Amino acid sequence: MIKRILPLLLLLAIPFAKIVATSLSIGSGGSGGSFGPGMVIGAALGAAFWRVLHDVPGLAGTVGDSPAIFALVGLVAIAVHGLTLLGDAFLHPTVSQIAIPFTIGYRPTFVGLGIIGGWLAAILGLSFYVRKTVGARLWRKLHRATVVVWVLAVIHTLGAGTDAGQVWLLGFIAVTAVPIVALFVRRMLPSTGRRCTT
């Protein structure tokens, strides 16, 4: 579906254009946050990443529609989020303050919870590659904790984010909460004939 709608070059041009536009806006004194642009950039790069892995000769068919690819893209986005803070003129964080929870001076509780969420996302996301070793049943139980990553990310966003009080952000969180909570509840209910094949 993505292949028919958006060509790869356009998927690569969208994040580049959004980065330039956001930089010009913020650099010229405009009031703009980074969450919205980050979502656009992340979505376009994620789609481009999938397209490259799906369409490049030699890689085609090796990836399939595995959710692990999207987990990797998410982990890259988390890493980019943390690493871009190294250049923040207001925070002046060190690498250890970005990697170790509760060590930064700016809203340490909310930033620390975000760091914990990032590490938990890495552990859960990368566990895909050991699912056959740990067994499908244990792997699925571990993935019930993915909702904790989301909760920590929301707390981090609302407590430390520059866009925290914006109506559009609160609306975005509320709208995305509905399917996340519904899927979590479904996952927690006892299975009725569903079998895990991985």
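Refer to the structure above for everything that follows.
Residues numbered from 1 in each chain as written. Predicted model: local features only at pLDDT ≥ 70, side-chain atom pairs only at ≥ 80, totals over all residues. Heavy atoms only, no water.

Honestly, the overall build of the chain in this entry has me stumped. Any pointers?
Summing up its helical and strand segments, the chain has ten helices and zero strands in all. Listed by position from the N terminus, the elements making up the chain come as α-α-α-α-α-α-α-α-α-α. Relative to its full complement of 198 residues, the chain shows a buried share of 26%. Summarising the internal contacts of the chain: among those between residues at least 6 apart in sequence, 53% fall at separations of at least 24. For the chain, the computed accessible surface area is about 12700 Å², with 72% contributed by carbon and sulfur atoms. (Helix = DSSP H or I, 4+ residues; strand = E, 2+ residues; numbered from the N terminus. Buried < 20%, exposed > 50% of the residue type's maximum accessible area, 1.4 Å probe, protein only. Contact = heavy atoms within 4.5 Å. Areas by Shrake-Rupley, 256 points an atom, 1.4 Å probe, with all protein chains shown as cover.)

It is not clear to me how the packing of aromatic side chains should be interpreted in this structure. Could you clarify?
How two aromatic rings sit relative to each other is set out by the distance from centre to centre and by the angle between their planes. One pass over the structure, following the stated rule, counts three aromatic pairs. Taking the centre distance of 5.2 Å and the plane angle of 90 degrees together, the rings of Phe128 and Tyr129 count as edge-to-face. What makes Tyr129 partly exposed here is its relative accessible area of 47%. An aromatic cluster is built from Phe128, Tyr129 and Trp139, whose rings are joined through pairwise contacts. Stacked on the ring of Phe128, the Lys or Arg Arg131 has its end atom at 4.0 Å from the ring centre. (Phe/Tyr/Trp six-rings, centres within 6.5 Å; stacked < 30°, edge-to-face > 60°. Lys NZ or Arg CZ within 6 Å of the ring centre and 35° of its normal.)

Could you clarify how one ought to interpret the nonpolar core in this entry?
A general trend in soluble globular proteins is that nonpolar side chains are found buried together. By size, the foremost hydrophobic cluster in this structure holds five residues: Leu75, Ala121, Ala122, Leu124 and Val149. Of all the elements, helix α6 (residues 108–126) adds the most residues to this core, at three residues. (Core = buried A, V, L, I, M, F, W, Y, C linked by side-chain atoms within 4.5 Å.)

Is there a simple way to explain unusual backbone geometry in this structure?
Peptide bonds are trans in most cases, and residues, glycine excluded, mostly fall at negative phi. Notably, Phe102 is not glycine yet its phi reads approximately 65 degrees, a positive angle. In this structure, Phe102 sits in the loop between α5 (95–99) and α6. The partly exposed category is assigned to Phe102, whose relative accessible area is 42%. The phi dihedral of Arg107 falls on the positive side, at around 40 degrees, and the residue is not glycine. Positionally, Arg107 belongs in the loop between α5 and α6. Residue classification places Arg107 among the partly exposed positions, given a relative accessible area of 41%.

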